[in-house]
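One-letter residues, chain by chain:
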Amino acid sequence: MKFGSRRAFQRLLLLAPPALTEDANFGSCQIIDKSQYNFLLSEAEGLRARVYLQDGAIDPGEILRDGRLIHTHDEDSWQLLVINWDGEVAGCARYIPHKEEVSFSELAIAKSALASSHPWGQRLRRAVEAERAKARRRGIKFAEVGGWALAEELRYSMAALEIFVNICALARLFGGAVAVTTATFRHHSSSILRRLGGHGVVTKDGIELPSYYDPKYKCEMEVLRFDTESPNPRYLDRIKNCQQKLETVASICATLTPINATCF
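Novice: Any details on the nonpolar core? Residues and values, ideally.
Specialist: If you look at the biggest cluster of nonpolar residues, it comprises 59 residues, and the most contacted ones within it are Leu81 and Tyr95. Here the element with the most residues in this core is helix 3 (residues 159–173); it accounts for 12 residues. Not counting residues within four places of it along the chain, the set of residues in contact with Leu81 comprises Arg11, Leu12, Leu13, Leu15, Leu40, Ala44, Val89, Gly91 and Cys92. In this structure, Leu124, Val201, Leu209 and Met221 belong to the second largest nonpolar core, which totals 20 residues.

Novice: Explain the packing of aromatic side chains to me, and be specific about the residues and the numbers.
Specialist: Overall, the coordinates contain 4 aromatic pairs when judged by the stated rule. Here Tyr52 and Tyr217 contribute two aromatic rings whose centre-to-centre distance is 6.5 Å and whose plane-to-plane angle is 85 degrees, an arrangement assigned as edge-to-face. Note that Tyr52 is positioned in helix 1 (residues 34–54) and Tyr217 in the loop between strand 8 (212–214) and strand 9 (219–227), a separation of 165 residues in sequence. Classification of Tyr52 by relative accessible area gives buried; the value is 16%. Just above the ring of Trp120 sits the side chain of Arg123; from NZ or CZ to the centre is 4.8 Å.

Novice: An account of helix 1 is needed here, citing residue identities and associated values.
Specialist: Helix length check: helix 1, at 21 residues, gives a terminal C-alpha distance of 30 Å against a target of 30 Å (1.5 Å per residue), a fit within 8%. Listing the buried residues of helix 1 in full gives Tyr37, Leu40, Leu41, Ala44, Glu45, Gly46, Leu47, Arg48, Ala49, Val51 and Tyr52. Gly56 lies just past helix 1 and shows a positive phi near 80 degrees.

Novice: I'd like a description of the pattern of salt bridges, backed by residues and values.
Specialist: Inspection of every chain in the model, using the stated rule, returns 14 salt bridges. A salt bridge links Lys218 to Asp59; the nearest nitrogen and oxygen atoms lie 3.0 Å apart. Of this pair, Lys218 sits in the loop between strand 8 and strand 9 while Asp59 is found in the loop between helix 1 and strand 3 (78–83), placing the two residues 159 residues apart along the sequence. Lys218 gets classed as partly exposed once you look at its relative accessible area, which sits at 31%.

Novice: A description of the confidence of the model for the protein should follow, citing residues and the corresponding values.
Specialist: For the protein, per-residue confidence averages 86 on the pLDDT scale, and residues scoring 70 or more make up 85% of the total. For the stretch residues 1–6, pLDDT sits under 50, and the model shows 18 contacts to residues farther than four places along the chain or on other chains. Confidence drops under a pLDDT of 50 for residues 256–264, and excluding neighbours within four residues, the segment shows 32 contacts in the predicted structure.

Novice: Outline the side chain of Asp214, supporting the account with residue identities and numerical values.
Specialist: With respect to the helices and strands, Asp214 occurs in strand 8. Buried within the structure, Asp214 lacks any salt-bridge partner; Lys216 is the closest side chain of opposite charge, at an N-O distance of 7.2 Å. A polar contact of 2.9 Å, which involves the side chain of Asp214, links it to the backbone nitrogen of Lys216. Setting aside anything within four residues of it in sequence, one finds Asp214 in contact with Ala113, Cys219 and Met221.

Novice: How would you explain helix 2 (residues 120–138) if you had to name every residue and give the values?
Specialist: Taking 1.5 Å per residue, 19 residues should reach 27 Å; helix 2 reaches 27 Å between its end C-alpha atoms and fits that length. Along helix 2, the residues that are buried comprise Gly121, Leu124, Ala127, Val128, Glu131, Arg132, Ala133 and Ala135. Its buried side turned inward, helix 2 meets strand 5 (141–150), strand 6 (177–184) and strand 9.

Here is what the cut-offs are and how they apply
Residues numbered from 1 in each chain as written. Predicted model: local features only at pLDDT ≥ 70, side-chain atom pairs only at ≥ 80, totals over all residues. Heavy atoms only, no water. Core = buried A, V, L, I, M, F, W, Y, C linked by side-chain atoms within 4.5 Å. Buried < 20%, exposed > 50% of the residue type's maximum accessible area, 1.4 Å probe, protein only. Helix = DSSP H or I, 4+ residues; strand = E, 2+ residues; numbered from the N terminus. Contact = heavy atoms within 4.5 Å. Phe/Tyr/Trp six-rings, centres within 6.5 Å; stacked < 30°, edge-to-face > 60°. Lys NZ or Arg CZ within 6 Å of the ring centre and 35° of its normal. Expected span 1.5 Å × (residues − 1). Salt bridge = Lys/Arg side-chain N within 4 Å of Asp/Glu carboxyl O. pLDDT = per-residue confidence, 0-100. Lys, Arg positive; Asp, Glu negative; His and termini not counted. Polar contact = N/O pair within 3.5 Å; in protein donor to acceptor, adjacent residues only side chain to side chain.

Okay, here's the thing in structure tokens:
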């Protein structure tokens, strides 16, 4: 897999959920003004709207009047943002570490087309619940990753790789995670995620969940799982380096008191 220049973007920025959990091993929370936090999150939601609309993955009616595409879990998620050299959000992904008591119906994967299909809907549910049980037995999080978006100029840059390794590093700071995501075949996103360490989700009877057409996003998709302890060995050192960076960089969360944000 080839990626472009490291200089295709300036830096990465991490937004913490407003209701910041205490599970991550960050030394402190870098506080910014609530309006600044909302601006950064809105920039990410606006980027997703533009990219998904351009790809034909959504209809114009799904976008709010202010140009955003919002998701139920946006404010409950850690948001990893790619900042370009103009200071704009040019890439993003969200990481959602779920609490044990969250029901399957509250998961993002439960809203997928596969979850409502017959007979694969029940198989998907049982497979996801099995992954959650594995995470509980190991004492780690079950999580979801989603909201992947890159501006066109960053599609073949280092940005895609940096988002992935930093999401893995973030999850490892929470003590590790088994995570699932729905990956589109568009722009080879699914195949890229597989090369980075993603695998198909396997049912109890050993059958891998099939790819499926999602009418909402108008594309072929598949469900992938990641174990942050077992990424592609090729990227393990990079993930560990990102983890060390995250351990020394304050998270960014919102308050009413304006303080400048920290980037890494």
